[in-house]
Amino acid sequence: MNLSGGRQAVPKFEDFPLRDFSVSSHRDSKEFDIEEFGKDVDISRHTSSSSKPTNTSQLTRVPRTSRQSFVTTDYFRKTHSRLKSTDSAFDAEHQPQKLNRHVLRDMLLSVVLAGLTAPFFWYGNWALRLHRTRVPDHEQFQGTVEYGKKLATAFPFVFALILGRTMKQLAIMRLERGTTLGALEQLIGSRSLGSTFITQILVRRWNLAALVLFIIWAFSPLGSQSSLQILNITNVPIVTYPDVQYFYTESSPGFSSGDVWNIPALNALFSSILMAPAAIRDASMDLWGNVKVPDISRVQENIDFKKHGGWIDLDPAGLVNGFQYSSILGIPLGNIRPWGLTNFQMETSYLELHCYDNMTRTAEGELDFFKNNSTTRARNGTFGGPLTPTPGFFTFTINGAYNYGPFNDISIFLNWTEKVDALTLRFQSLHGITVWCPITTTYVESNVTCQSQDCAVTSVRPSTRPHPHKNFTNLGFEGAFSGFTTNLELVSAAKVHASTSTAVELFLADPNSATRAGFGVADFSNITAEDISLRLQEIINAYWYGSYSPYAMMGNLIPKDTSNSANPTMPENNTPFITDLTKSYITTNSTHTFLQEIYTVNFEWLSVLFAASTICLGAAVLGALCNFGIKGPDILGYSSSLLRDNMSVQGGAERHIWMEVIERGSMRICRLGLWIRMRMRGVR
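My aim in this report is to walk through the structure given alongside it, one point at a time. (Residues numbered from 1 in each chain as written. Predicted model: local features only at pLDDT ≥ 70, side-chain atom pairs only at ≥ 80, totals over all residues. Heavy atoms only, no water.)

Once that is clear, we can look at the overall build of the protein. Along the protein, the regular secondary structure elements total 17 helices and 17 strands. Residues classed as buried in the protein amount to 44% of the 684 residues present. Summarising the internal contacts of the protein: among those between residues at least 6 apart in sequence, 79% fall at separations of at least 24. Only carbon and sulfur atoms are counted for the fraction: they give 56% of the accessible area of the protein, which is about 35,600 Å². (Helix = DSSP H or I, 4+ residues; strand = E, 2+ residues; numbered from the N terminus. Buried < 20%, exposed > 50% of the residue type's maximum accessible area, 1.4 Å probe, protein only. Contact = heavy atoms within 4.5 Å. Areas by Shrake-Rupley, 256 points an atom, 1.4 Å probe, with all protein chains shown as cover.)

A few words now on the sheet that holds strand E5 (residues 243-247). Spatial strand order, E7-E5-E16: 3 strands in an open sheet with antiparallel pairing. Only two strands of the sheet have a single neighbouring strand rather than two, namely strand E7 (333-334) and strand E16 (585-589). Here E5 runs beside E16; their pairing, made up of 5 bridges, is antiparallel. Counted as the bridge partner of Asp 243 is Asn 589 from E16. (Pairing = 2+ DSSP bridges.)

So, on to the pairing of E5. In terms of burial, E5 is a largely internal element, 4 of the 5 residues being buried. Of the pairings in the sheet, the one linking E5 to E7 comprises 2 bridges and is antiparallel in character. Of the residues in E7, the one forming a bridge with Tyr 246 is Leu 333.

What follows covers the packing of helix H4 (residues 118-130) against helix H5 (residues 138-177). Close contact between H4 and H5 brings their axes to 10 Å; oriented N to C, the two are set at 145 degrees. Here H4 and H5 pass one another in a crossing that is left-handed. On the side of H4, the interface is formed by Pro 119, Phe 120, Trp 122, Tyr 123 and Trp 126, while H5 contributes Thr 144, Tyr 147, Gly 148, Leu 151, Ala 154, Phe 155 and Val 158. Tallied by class, residues from the contact of H4 with H5 come to 10 nonpolar, 2 polar and no charged. (Axes fitted to C-alpha atoms, helices over the stretch in contact; angles between N-to-C directions. Left-handed = near helix turned anticlockwise from the far one by under 90°. Nonpolar A, V, L, I, M, F, W, Y, C, P; charged D, E, K, R; others polar.)

Before going further, it helps to spend a moment on unusual backbone geometry. A positive phi angle is found at Arg 132, which is not glycine, with a value near 65 degrees. Within the secondary structure layout, Arg 132 lies in the loop between H4 and H5. Its identity is not glycine, yet Ser 452 carries a phi of approximately 60 degrees, on the positive side. Structurally, Ser 452 can be placed in the loop between strand E14 (433-451) and strand E15 (454-462). Residue classification places Ser 452 among the partly exposed residues on the basis of a relative accessible area of 27%.

Turning to the packing of aromatic side chains, a few remarks are in order. Per the counting criterion, the structure on display carries 30 aromatic pairs. Summarising the aromatic geometry, the rings of Phe 247 and Tyr 548 are spaced 5.8 Å apart at their centres and angled 70 degrees between planes, so their arrangement reads as edge-to-face. Of the two residues, Phe 247 is situated in strand E5 and Tyr 548 in the loop between helix H13 (529-546) and helix H14 (550-553); the sequence distance between them amounts to 301 residues. When sorted by exposure, Phe 247 lands in the same class as Tyr 548, which is buried. Judged by centre distance (5.2 Å) and plane angle (85 degrees), the rings of Tyr 404 and Phe 413 are edge-to-face. According to the relative accessible area criterion, Tyr 404 is partly exposed, its value standing at 41%. In this structure an aromatic cluster arises from ring pairing among Phe 247, Phe 255, Phe 270, Phe 484, Tyr 543, Trp 544, Tyr 545 and Tyr 548. (Phe/Tyr/Trp six-rings, centres within 6.5 Å; stacked < 30°, edge-to-face > 60°.)

Given below as structure tokens:
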């Protein structure tokens, strides 16, 4: 059929080879009756009298065999003459007319189909923009994933809609320009993934076109899956180097001046940490998140630090490797990130005690220094100290003092070259024992690891920086020692009944019994010199370093507001004990590593999405081009369009006659398997 436009030469019936046609009715077994057909179409009006048969002998009848009947070709020749005469009359009444074309409708449809691919291109570009960026929150990721799921559901429908229409438009265009029946069936049958496969099997056309169709339609499920696979979340390590702060233990001690501020805060700090549960005492951090420094002398015996590069690795679990902490109060830290892993080094110091084994039982109810009537100092042989408060429960004395004033700092001995012996501290308990303990200052360098804000010292070594000799201690200044020991005795003895023990004594006997202060008595019967050394060291360090700045020790190393508007008489930026905040901590560099959730794009699936979307867009454009190149009506799949768009089909009697010919003649003959020419009148 040629529908390319204009009046075309119509094939003559005589151009086709004439032969006897086998005719069979599928509805009944009756023979085809010429006279019965003539009742519907008056052949006599369109043929000459000479062409009529004079008798029935001119028609050759063949007996019906297997429900079939045969007629001679004379009948068809006469019928053709009648149809030709009718066509001539019809042509005289109808002039060529243009075919109805809905250009605006087709253009809008093409634009809409092309626009359906926009969400898929947008989603691919959005995923590309998110690649390697931080995930701000999981709600955004979940929203993006949900959008991808909707696109995955819609993609097969959009793909089939666009590709199916384009395949049909291609088939119509090729039909107008001439094509084979196999190629036509291959195109019109490839309007979905399943039908493409079935069509190739039925028409048996395994050629390059079939391969191309398979590849194109394979992008339908692949494009759907790509919307679900292109975007993921991956954890990648991010390394930064922020500054962190830690408390400066070499700053001016609280009792190194004659005017001590905020003793109530210090006493509250000390009482809280002294009565903390065992889980806190044995942990790497105290109640306020301050990191504890291990006692390097008690890590392990006979350790050669040089063999380990100077560092000793520790188990953060604490007592597993046998090391103890130097104090029950830790070192405050600042600017520790609440996420990730932070590593840094810090330089600290602590007071170290190793008591002699010559412990003696104190005479019940008697302290040596009560016998002295001095109003300023108590002295027993070489040991002296402040007067014991009444009622007295324990006393501290020391066997010497530095001749550099009552209040000072051992930093003045940095360049000291002469030999110096360690001072000995004497502790005596009213209901317990008397011990003598040499006291020194230990300087250590610690590697600190913080998982989020849970910190622990993971390795230690002796400090390599210059310091005063370890035998110098800030308790060697008479005024500092007197103020320190007096306040420690007062905070422990307050409101305690004379027949019971203080929290300090109970802690020395058993750290778990400190909470029984005021109604329990300390039992020193099974305590060793090492036990008393470590526990007394932890108590002294907690109260001594707590006196530097209770405010900083309780989570305020870097205070947000240091002004004291409530008391205008106090200096600005004044915190307890330390007036210069910049001297209360040291800033050091750290390594902060954390796993950052970032968006990652699977570029293989992204390529599939773009390829499938491009095929859809290209098919929509190709379909639009084919649509504008088609001259005839859309007759593939829509029977009504053959008549709707054909201007040759008019209303009234002519329409009735034309339809009657089609319905009663042409369609009936089509069922018989004959080729019927169907001319499109006035197509141009």
